[in-house]
Structures are given as C-alpha cells and as structure tokens.
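Here are the chains, one letter per residue:
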Amino acid sequence: MLDRCGRTIDYLRLSVTDLCNYRCRYCMPEEGVPKRRHADMLTLEELAEISAACVACGVKKIRLTGGEPLVRRGIVELCRALRAIPGLEELCLTTNGSLLPQLAQPLRQAGVDRLNISLDTLCPDRFAAMTRTGTLQNTLDGIRAAEEAGFHHLKFDTVLIGGFNDDEIEALAGLTLEHPWEVRFIELMPMGPCAGWDKGCFLSGEKVLKRLPALQEISSQGVARRYRLPGAAGTVGLISPMSHEFCAQCRRIRVTADGKLKGCLHSAEELSLRGLHGQALLDAIAQGIAQKPLRHHLTSGGSDTARTMNEIGG
C-alpha cells in the first residue's frame, strides 16, 4: 500500500496494552494510568484479525508494543497466532525486559524474531529513579534470559536525556564492543509528561557523534542512522525525530490497544477499527494508510496528539 505521499507502508506497530509495570518519567504519570474496562480494549482475537488484515494490505513487519506488552495476558498465544499469518515476514516486540526471565523462551518458541529492550542507564540508582518501580538487575536478568533463549542480536533503546544519562554515552555504546547488539540513542520528544521539561533535557543525536568521534558510519536501517566503533561486534544507532526528521522515510502505521489506527505517532487523527470485519476492515485500513500525514510538527508546535506514549505504543 502507498500513502498519499507515495511512501510504501509495510510496518505495523501494534499496541496490546496501555498498562506497564514501570512508571518511566518521560512516559507515564507516577500513579500510572487508570485500568480500563476489558470491553474497551481489543481482544486477542481482534488483535489477530486486525493484524491479518494489515498483512493483507501489504504489511510485512509487526512490532508488539505497549505500555509493556509482556503484562498483557495471553501475549504468547497472540505471538503464536501472528506468526501463523501468511505473508508476515518479521515479528518483533519491544519490552522493558523485566519479565523476560519467565517469557523469553516461550516468546522465542511462539515465533518472535527479535526483541528491543529499553535501557536508559547502566546506573542502578538512576534506573530506579527513572522507572520509579523497576530495578536495573531485573532488566539485566531479562537480557541474559533473552540471549539464552536465542535472541542474540538484541537492540537496546536508550532515550537520550540531558542531565540524566548523557554522561553514560560512552559506557552504553561500549556494550557493542563485545556483543553483537545495537545500542540506539533516541532523541527525547516533547510529548506527554515531558512536554514541559527544561530545554536542556532535549539533546540532539549529534551529541553522541561528538562524544564518540571514533564511530564509523555504516548502512542505515529503517529510521536509524547506524555506526560502528572500531573492532566492535555490534553497532550504534541514532534515531533523531527532532534534529533529523525522517518523516519522508516513515513506512509505519500504528494501532492502539483500544483499536484506533494512527498514521503518525504525533497525529490527532485516529480511525476506529473495532467492530469491522472482512472487506470493511480492509477498506478502513486502506483509508487510514491513504490519510497518513506528511510529517509531524514537533519542531514548530509540538505533538498534536493528546495521548501519552503508553496509550499509543512506543
């Protein structure tokens, strides 16, 4: 499927819950989010049906997100159902890693191809302060469990925040020296709880290049500019929605846990898919793709969506 800008749309980010066992300061309020009625959220069957329809419309890759997708009851069964969709080439999942000791092996057996794990700091005290309810050791245990389950080329998502973890750039990138991992530094976006934060918190990805002049540029992958330290087994990625807008290359759509199709993370436009089946569902997805916005307005007017990140899918 092509959108109105001629972009090929072949990537679905599917949120399975807006709940999380962490309370990361840039994502969720300290008290968490109100638990919504089961009737307000997509069932496992609806998630699978919508996914199959998206694949029929040209989607090749699905990433499960949240909230924290591993707190969703039945997540392994859902992964197994999605993996069985004819034409789906890649099934991925983004997680904070805390529940991987129990679920990494079942997820691998269910057909998940790749994991992204959130890792904003290597300092236990900072980790606890940022997540409010998590511990670094839980995530480290999850990383170990993921590798033991066969997820060897892990990706780590690090939100770059001035005054919080910018002094850990070298240490975080250093994880790639001995491991075939990719550490991806992501620019903080002014939305949700952090929309009013001090400007000093919002750093350009160029900060990483200045701190690590030895980085050697390699081929890009998706929206990530990629680099490698000399002799490193893994890679470093830069995802820069603020300083290097990549809207022209965006090939994704999103479906929220309550069944709304969004063409852009920051768009206020949403199209409900709940209750649609067959051709009506296919037509709605095609309409949502056709209406995908040209670009976001982060650098001029901020995010247009009233939802927080956990309500959309990270």
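Further up the page is the structure itself.
Below, the structure is looked at part by part.

Conventions used here
- Residues numbered from 1 in each chain as written.
- Predicted model: local features only at pLDDT ≥ 70, side-chain atom pairs only at ≥ 80, totals over all residues.
- Heavy atoms only, no water.
- Helix = DSSP H or I, 4+ residues; strand = E, 2+ residues; numbered from the N terminus.
- Rg over C-alpha atoms; globule rule 2.2 N^0.38 Å.
- Buried < 20%, exposed > 50% of the residue type's maximum accessible area, 1.4 Å probe, protein only.
- Contact = heavy atoms within 4.5 Å.
- Lys, Arg positive; Asp, Glu negative; His and termini not counted.
- Charge placed at Lys NZ, Arg CZ, Asp CG, Glu CD.
- Pairing = 2+ DSSP bridges.
- Axes fitted to C-alpha atoms, helices over the stretch in contact; angles between N-to-C directions.
- Parallel < 35°, antiparallel > 145°, perpendicular 65-115°, else oblique.
- Left-handed = near helix turned anticlockwise from the far one by under 90°.
- Nonpolar A, V, L, I, M, F, W, Y, C, P; charged D, E, K, R; others polar.
- Salt bridge = Lys/Arg side-chain N within 4 Å of Asp/Glu carboxyl O.

1. Focus: the overall build of the protein chain
Looking only at helices and strands, the protein chain features 9 helices and 12 strands. Against the compact-globule benchmark of 20 Å for 314 residues, the protein chain has a radius of gyration of 19 Å, which places it among compact chains. On the principal axes, the C-alpha backbone points of the protein chain span a range of 50 × 45 × 40 Å. The buried share of the protein chain, reckoned over its 314 residues, is 55%. Expressed as a percentage of contacts within the protein chain between residues at least 6 apart in sequence, the contacts between residues at least 24 apart total 73%. Positive and negative charge centroids in the protein chain, built from 38 and 37 side chains respectively, lie 2 Å apart.

2. Overview of the sheet that holds strand 6 (residues 182-187)
Pairing is mixed across the open sheet formed by 12 strands, whose spatial order is 7-8-9-6-5-4-3-2-1-10-11-12. The open sheet has two free edges, formed respectively by strand 7 (216-221) and strand 12 (271-272), since each of these has just one partner strand. Note that strand 5 (residues 155-160) and strand 6 share 6 bridges and pair parallel. From the neighbouring strand, aspartate 157 faces strand 6, where its bridge partner is arginine 184.

3. Structural notes on the packing of helix 3 (residues 100-110) against helix 5 (residues 136-148)
Where helix 3 contacts helix 5, the two axes come as close as 8 Å, and the packing angle between them is 20 degrees. With respect to helix 5, the axis of helix 3 lies roughly parallel. You can see that helix 3 and helix 5 cross each other, and the crossing is right-handed. Mapping the contact onto sequence places Leu100, Pro101, Ala104 and Gln105 in helix 3 and Asp141, Gly142, Ala145, Ala146 and Glu148 in helix 5. Taken together, the residues of the contact of helix 3 with helix 5 sort by class into 5 nonpolar, 2 polar and 2 charged.

4. A short note on the pattern of salt bridges
Applying the stated criterion to the full structure yields 14 salt bridges. Put simply, aspartate 167 and arginine 126 hold a salt bridge, and the shortest N to O gap is 2.7 Å. Of this pair, aspartate 167 sits in the loop between strand 5 and helix 6 (169-173) while arginine 126 is found in helix 4 (residues 124-131), placing the two residues 41 residues apart along the sequence. Ionic pairing is found between aspartate 141 and arginine 144, a salt bridge with its closest N-O pair at 3.0 Å. You can see aspartate 141 and its partner arginine 144 sitting in helix 5, 3 residues apart, about one turn around the helix. Here arginine 144 falls in the partly exposed class, since its relative accessible area comes to 44%. Here the salt bridges share partners, and the residues they tie into one network are Arg126, Asp167 and Glu168.

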